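Listed below, chain by chain, are the residues.
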Amino acid sequence: VQLVESGGGSVQDGGSVSLSCVGSGRTFSLYTMGWFRQAPGKEREFVAAIAWRGGTTLYADSVKGRFTISRDNAKSTVYLQMNSLKPEDTAVYYCAGAIRGVTTPEIMATRSDHYWGQGAQVTVSS
């Protein structure tokens, strides 16, 4: 399984950034997908996840109402649209693909044994 991210970059406080992640090596549409992030000196944390059909999403409280996760199974791609960014959103963002048996966003949020992308830096300056 390969996950390749694109997007990210540097923005000012209140700005927007989008991330994309293309999956290959398995049937993308069958698996829950998500985004996690890791800030300098901190543990990796859950950001958002979306069920295989795309109808169910889950967000960390810290990003709820500002970030939107979506997916296009025909393109084997998951997206993260980040609006109203804050300096505390600065981190490396990782695309995550659930392993077999992790069937819901809620389960994905509590585990770390996922397939991972290479990471994309997002820097928000005040």
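Residues numbered from 1 in each chain as written. Predicted model: local features only at pLDDT ≥ 70, side-chain atom pairs only at ≥ 80, totals over all residues. Heavy atoms only, no water.

**Student:** Would you mind going over the overall build of the protein chain with me for this structure?
**Tutor:** Looking only at helices and strands, the protein chain has one helix and eleven strands in total. Its helices and strands taken in sequence order, the protein chain reads β-β-β-β-β-β-β-β-β-α-β-β from the N to the C terminus. Whereas a compact globule of 126 residues would reach a radius of gyration of roughly 14 Å, the protein chain reaches 13 Å, a difference of no more than 12%. Principal-axis analysis of the C-alpha atoms gives the protein chain an extent of 40 × 25 × 25 Å. When the 126 residues of the protein chain are sorted by exposure, 44% land in the buried category. Working note: accessible area of the protein chain is about 6,300 Å², and carbon and sulfur atoms make up 48% of it. Seen as two clouds, the 12 positive and the 10 negative side-chain charges of the protein chain have centres 7 Å apart. (Helix = DSSP H or I, 4+ residues; strand = E, 2+ residues; numbered from the N terminus. Rg over C-alpha atoms; globule rule 2.2 N^0.38 Å. Buried < 20%, exposed > 50% of the residue type's maximum accessible area, 1.4 Å probe, protein only. Areas by Shrake-Rupley, 256 points an atom, 1.4 Å probe, with all protein chains shown as cover. Lys, Arg positive; Asp, Glu negative; His and termini not counted. Charge placed at Lys NZ, Arg CZ, Asp CG, Glu CD.)

**Student:** Before we go on, may I ask you to explain the pairing of strand S7 (residues 67-72) in this structure?
**Tutor:** In regular strands, side chains alternate between the two faces of the sheet. Along S7, the buried face is formed by Phe67, Ile69 and Arg71; none of Thr68, Ser70 and Asp72, which line the opposite face, is buried. Where S7 lies against strand S8 (residues 77-82), six bridges are found, and the strand directions are antiparallel. The residue bridging serine 70 from the neighbouring strand is tyrosine 79, located in S8. Where S7 hands over to S8, the hairpin turn is made up of four residues, of which serine 76 adopts a positive phi near 50°. (Pairing = 2+ DSSP bridges.)

**Student:** Could you clarify how one ought to interpret the side chain of arginine 66 in this entry?
**Tutor:** With respect to the helices and strands, the residue arginine 66 is situated in the loop between strand S6 (57-59) and S7. Those residues in contact with arginine 66 that sit more than four places away from it in its chain are Gln81, Met82, Asn83, Ser84, Leu85, Lys86 and Asp89. (Contact = heavy atoms within 4.5 Å.)

**Student:** I keep staring at the state of the cysteines and nothing clicks. Help me out?
**Tutor:** Defined simply, a disulfide is a covalent bond joining two cysteines at their sulfur atoms. Across all of its chains, the model carries one disulfide by this definition. Between cysteine 21 and cysteine 95 runs a disulfide, and the two sulfur atoms are separated by 2.1 Å. Here the S-S torsion is close to -75°, and the disulfide linking cysteine 21 with cysteine 95 is therefore left-handed. With cysteine 21 in strand S3 (residues 17-24) and cysteine 95 in strand S9 (residues 91-97), this pair connects stretches of sequence that are 74 residues apart. (Disulfide = S-S within 2.5 Å.)

**Student:** So what exactly am I meant to see when it comes to the sheet that holds S3 here?
**Tutor:** As a general point, the strands of a sheet are linked pairwise by backbone hydrogen bonds and lie either parallel or antiparallel. Taken in spatial order, the four strands line up as S1-S3-S8-S7 in an open sheet, and their pairing is antiparallel. The open sheet terminates on both sides in strands that have one partner only, identified here as strand S1 (2-7) and S7. Here the average twist between neighbouring strands, direction ignored, is 15°. (Axes fitted to C-alpha atoms, helices over the stretch in contact; angles between N-to-C directions.)

**Student:** Sorry, what's going on with the side chain of aspartate 89 here?
**Tutor:** Its location among the elements puts aspartate 89 in the loop between S8 and S9. Overall, aspartate 89 belongs to the buried group, its relative accessible area being 1%. A distance of 2.9 Å separates the side chain of aspartate 89 from the side chain of arginine 37, its partner in a polar contact. (Polar contact = N/O pair within 3.5 Å; in protein donor to acceptor, adjacent residues only side chain to side chain.)

**Student:** Just checking my understanding: could you explain the nonpolar core for this structure?
**Tutor:** Considering soluble globular proteins, one finds that nonpolar side chains tend to be buried as a cluster. Ranked by size, the top nonpolar core spans 34 residues in total, and within it Trp35, Val78, Leu80, Met82 and Tyr93 carry the most contacts. Contributing elements (two or more residues each) for this core: S3, strand S4 (33-38), strand S5 (45-50), S7, S8, S9 and strand S11 (120-125). Per element, the largest residue contribution to this core is five residues, and it comes from S5. (Core = buried A, V, L, I, M, F, W, Y, C linked by side-chain atoms within 4.5 Å.)

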